[in-house]
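A structural walkthrough
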Amino acid sequence: MNNSYDNYPSILNLPNEILFIIIKKLSISDVMHSLVDANERFVQLVFDPFYIQNLNITLMTIKSFYQRTFSVSEQVLSNICENILPNIHDQVKKLTIEQHSIKRILTHNYPQLYSLSLVNFKEEILYQHLRDHSALRNLLTHQITHLNIDIQSDEIPKLLSKTSSYILIIILFRCQRLIKLNFCQVFSYRNSFIPIYKLPKTSCTYSSLIELKINVATFNDCLCLLNRHFDSLSKLTINVKKVGYELEKKNNEIKLPKLKHFSLTSFSFIRQFDEYIIPLLHRMINLEELILFLTVIRTDSTFIDGTELYDQVLVHMSQLNKFVFSINTSVFIENNEMDVPLSEDIQNSFIGRGYGQVGSYVHFEPRKPKNRVIDFEEAKAIVKCHIYSLPYQFESFLHLNNSFQGGMFVNVQYLAMTDSFPFECEFFKIISDCFPFVKTLTISNLEPQKKKQHSSTLISFPHLNLLNLIDAHDDYAQQFLVDMNTHLPCLLDLCILYESLETVTNNFTNGATRLYCSKLKGLHMDKAFVRPKHFDEYFLETNKICSQTRNNPPF
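Note that this is a predicted model, so its numbers are computed, not measured. (Residues numbered from 1 in each chain as written. Predicted model: local features only at pLDDT ≥ 70, side-chain atom pairs only at ≥ 80, totals over all residues. Heavy atoms only, no water.)

1. Comments concerning the side chain of K384
The test is simple: Counting from the N terminus, the helices are the DSSP runs of H or I reaching at least four residues and the strands are the DSSP runs of E reaching at least two. Under the scheme applied here, a residue whose accessible area is under 20% of the maximum for its type counts as buried, over 50% as exposed, and between as partly exposed, the area being computed with a 1.4 Å probe on protein chains only. Any pair of N or O atoms that falls within 3.5 Å is considered a polar contact. Within protein, one atom must be able to donate a hydrogen and the other to accept it, and sequence-neighbouring residues count only if both atoms are side-chain atoms.
Its location among the elements puts K384 in strand β14 (residues 381-389). On the accessibility criterion, K384 (7% relative accessible area) is buried. Here the side chain of K384 touches E365 through a polar contact of 3.1 Å, side chain to side chain.

2. Some words on the sheet that holds strand β8 (residues 211-218)
Selection rule: Here the rule is simple: two strands pair whenever DSSP picks up at least two bridges between them. For helices, the fitted line uses only the C-alpha atoms of the stretch in contact; every axis is such a line through C-alpha atoms, and the angle between N-to-C directions lies from 0 to 180 degrees.
Spatially, the 12 strands line up as an open sheet ordered β1-β4-β5-β6-β7-β8-β9-β10-β11-β12-β14-β13, and their pairing is mixed. In this open sheet, the two edge strands, each paired with only one partner strand, are β1 (54-56) and β13 (358-366). Looking at each pair of strands side by side, their axes are set apart by 10° on average, direction ignored. Of the pairings in the sheet, the one linking strand β10 (residues 261-270) to strand β11 (residues 289-299) comprises seven bridges and is parallel in character.

3. Considering helix α1 (residues 16-25)
We apply this condition: What the arc describes is the spread of directions from the helix axis to the C-beta atoms.
Those residues of α1 not exposed but buried are L19, F20 and I23. With its buried residues spanning 100° around the axis, α1 presents them on a single face. In α1, the exposed residues that point more than 90 degrees away from the buried face are E17, K24 and K25.

4. With respect to the pattern of salt bridges
A pair can form between side chains of opposite charge whenever their charged atoms are brought close. To keep things clear, this is the line we draw: One speaks of a salt bridge when a side-chain nitrogen belonging to Lys or Arg is within 4 Å of a carboxyl oxygen belonging to Asp or Glu.
For the coordinates displayed, the defined rule picks out 11 salt bridges. The closest approach of N and O atoms between D536 and R531, which form a salt bridge, is 2.8 Å. Of the residues examined, D536 reaches a relative accessible area of 47% and is grouped as partly exposed. Given the relative accessible area of 47%, R531 is considered partly exposed. Shared partners join several salt bridges into a network, and the residues in it are D274, R298 and E308.

5. Re the pairing of β8
Extensive coverage of β8 is indicated by the burial of seven of its eight residues. In the sheet, strand β7 (residues 180-183) pairs with β8 via four bridges, with the strands oriented parallel. Directly across from L181, in β8, lies its bridge partner L212. Sheet topology note: the β8/strand β9 (residues 235-242) ladder contains seven bridges and is parallel. Bridged to N215 within β9 is N239.

6. Some thoughts on the packing of aromatic side chains
The test is simple: Pairing of aromatic rings covers Phe, Tyr and Trp, the last through its six-membered ring, and needs centres within 6.5 Å; plane angles under 30 degrees mean stacked, over 60 mean edge-to-face, and all others mean tilted. Here, a charge over a ring means that NZ of Lys or CZ of Arg falls within 6 Å of the ring centre while also lying within 35 degrees of the ring normal.
In total, this model carries 41 aromatic pairs according to the counting rule given. The interplanar angle of 70° and the centroid separation of 5.3 Å between the aromatic rings of F397 and F435 together place this pair among those described as edge-to-face. Taken together, the residues span a long stretch of sequence, with F397 in strand β15 (residues 396-400) and F435 in the loop between α14 (425-434) and β17 (440-444) at a distance of 38 residues. By relative accessible area, which is 0% here, F397 ends up buried. Their ring planes at 85° and their centres at 5.1 Å tell us that F428 and F480 sit as a pair that is edge-to-face. Taken together, the residues F428 in helix α14 and F480 in helix α15 (residues 474-481) connect sequence positions 52 residues apart. F480 gets classed as buried once you look at its relative accessible area, which sits at 0%. A cation over a ring is seen here: R68 above Y189, with NZ or CZ 3.9 Å from the ring centre. Positioned over the ring face of Y310 is R353, at 5.6 Å from the centre of the ring.

7. Thoughts on the pairing of β11
Note the threshold: The handedness of a crossover follows from its direction of travel: if, with the strands pointing away from the viewer, the path from the first strand over the helix to the second runs clockwise, the crossover is right-handed.
Burial runs high along β11: 10 of the 11 residues are buried. You can see the chain leave β10, run along helix α11 (residues 273-282) and come back into β11, and the turn it takes is right-handed. Judged from the 11 bridges that link them, β11 and strand β12 (residues 322-333) form a sheet pairing that is parallel. Residue R298 lies in a different strand from β12, and its bridge partner there is V331.

8. Section: the nonpolar core
Defined as follows: By convention a nonpolar core is built from buried Ala, Val, Leu, Ile, Met, Phe, Trp, Tyr and Cys residues, the set being connected through side-chain atoms within 4.5 Å. Should any heavy atoms of two residues lie within 4.5 Å, those residues are counted as being in contact.
One finds L95, L147, I171, L181, F183, I238 and F262 to be the most contacted residues of the largest nonpolar core, which totals 100 residues. It is helix α5 (residues 74-88) that contributes the most residues to this core, seven residues altogether. Excluding residues that lie within four positions of it along the chain, I171 makes contacts with L130, L147, I149, L178, L181 and F183. If you look at the next biggest cluster of nonpolar residues, it comprises 53 residues, including F427, F428, F508 and L523.

9. As for the environment of I80
As for its placement among the helices and strands, I80 is situated in helix α5. Between the alpha carbons of I80 and R104 there is a distance of 9.9 Å; along the sequence they are 24 residues apart.

10. Focus on unusual backbone geometry
In this chain, L390 is followed by P391 through a cis amide linkage whose omega measures -5°. Along the polypeptide, P391 turns up in the loop between β14 and β15. Residue C184 is not a glycine yet carries a positive backbone phi of 75°. Judged by relative accessible area, C184 falls into the buried class, the value being 5%. Positive phi values are uncommon outside glycine, yet N191 reaches one of about 55°. Looking at where N191 falls in the secondary structure, it is placed in the loop between β7 and β8.

Okay, here's the thing in structure tokens:
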């Protein structure tokens, strides 16, 4: 190989500090495979201790939004295992590996390793490794203090099997030095949950664990975790799939004095906020940081506002110094006696109580036959209120409607819009400006747009990967799939009714929608179908076509 600097006049004139920044932006597996033999200067940079101590031997390849592989090529893996790891294994402190490379990577000894990430493992394969792989067992038992677990799931975010629950139990028993555990919260798009409350009870104490991140199936799972013997647990970040009525009542009274940081997220509609959530928070008498992301449903009652949060939560937490929240309240009106508060009333309820900056808006929707959100037969209307701390820190923003007040939400990657009044073109321009980095957009609106004349200004969602129109009128497919209306350079997956897709594409012949359809990687529809003429040539790059129901959409 010719290593003359003359062959690299541009890059080798850069100082080491700049080259090092560039290398850190690249995949470490590609860097080691491609640059380690380039010249002596590159070798020194690549083998810098600050670089190789965090070794990620995975490479994410996106086939569709939910179909992603993490394996490096066999050639790259062989080069790393045979030529690289023998020289650096004793300096590695953090290691990320996936199921196809674990056996070869763990043939080496890693005396300084304390952090291990197991990425994109099938449940059964990970369970088998935890039971039979001696090198992995030894690492977990004697060295690992920080552990991240990512389990494969199907396209639809789902409830994982009992195998995942047993994996959790094995980890808790085996990892005697474990301080931090992230179980199924490594990648937010997975959105998979484990059931744990039916697992055998044990008297064992998990004394070392300080921080836990986990997705669980039910509220009882959450209580089960908190009621186990985590003597040192001070930080819990938990995402609960369903907070609903539980037949079996778990203890929700014992105080949790060690818990300092608590984050509770649930995308489900919660009707038992006062019965379940408030008593849980009252147990956390020494909490210093509280994060809540919830959607609450009430009937002929009041919204959750600054006054209620202060009286029911904050006055019980004398040590609290940080409170971050996004709470949607939907109130079903079954009589005509409820006074609907104004947005100003909600906003004023936060004044003088130390909340900092808060955003809010109130929205009124009359009951309509097509409005599936209102599922109470006697409800005459629904009134919605969204309150959130600012700057907005969550990656998701739910139930956005036409009363949205605007703002800048740079952290949001998942956005769900729902209303019984139509979303017009101008409103989507506002949304694209307010949510510049959104990757997943779900629109639930069965009302046709009234202003069909689209603006001359092109609306752009430059990072959008997944568009869900399963519960949307055909007009919104027209809005987003016609390339002259909306710019979607990164769109990977589309969820849509077959009839809507057939209509907007004019039976798969419409040239105005061909650009985005031809680049789709995944197509999710409400039913199975026989591919008509022109279908395959219209969806040239689509490698995954599946049917979903409205009750089980892929988001």
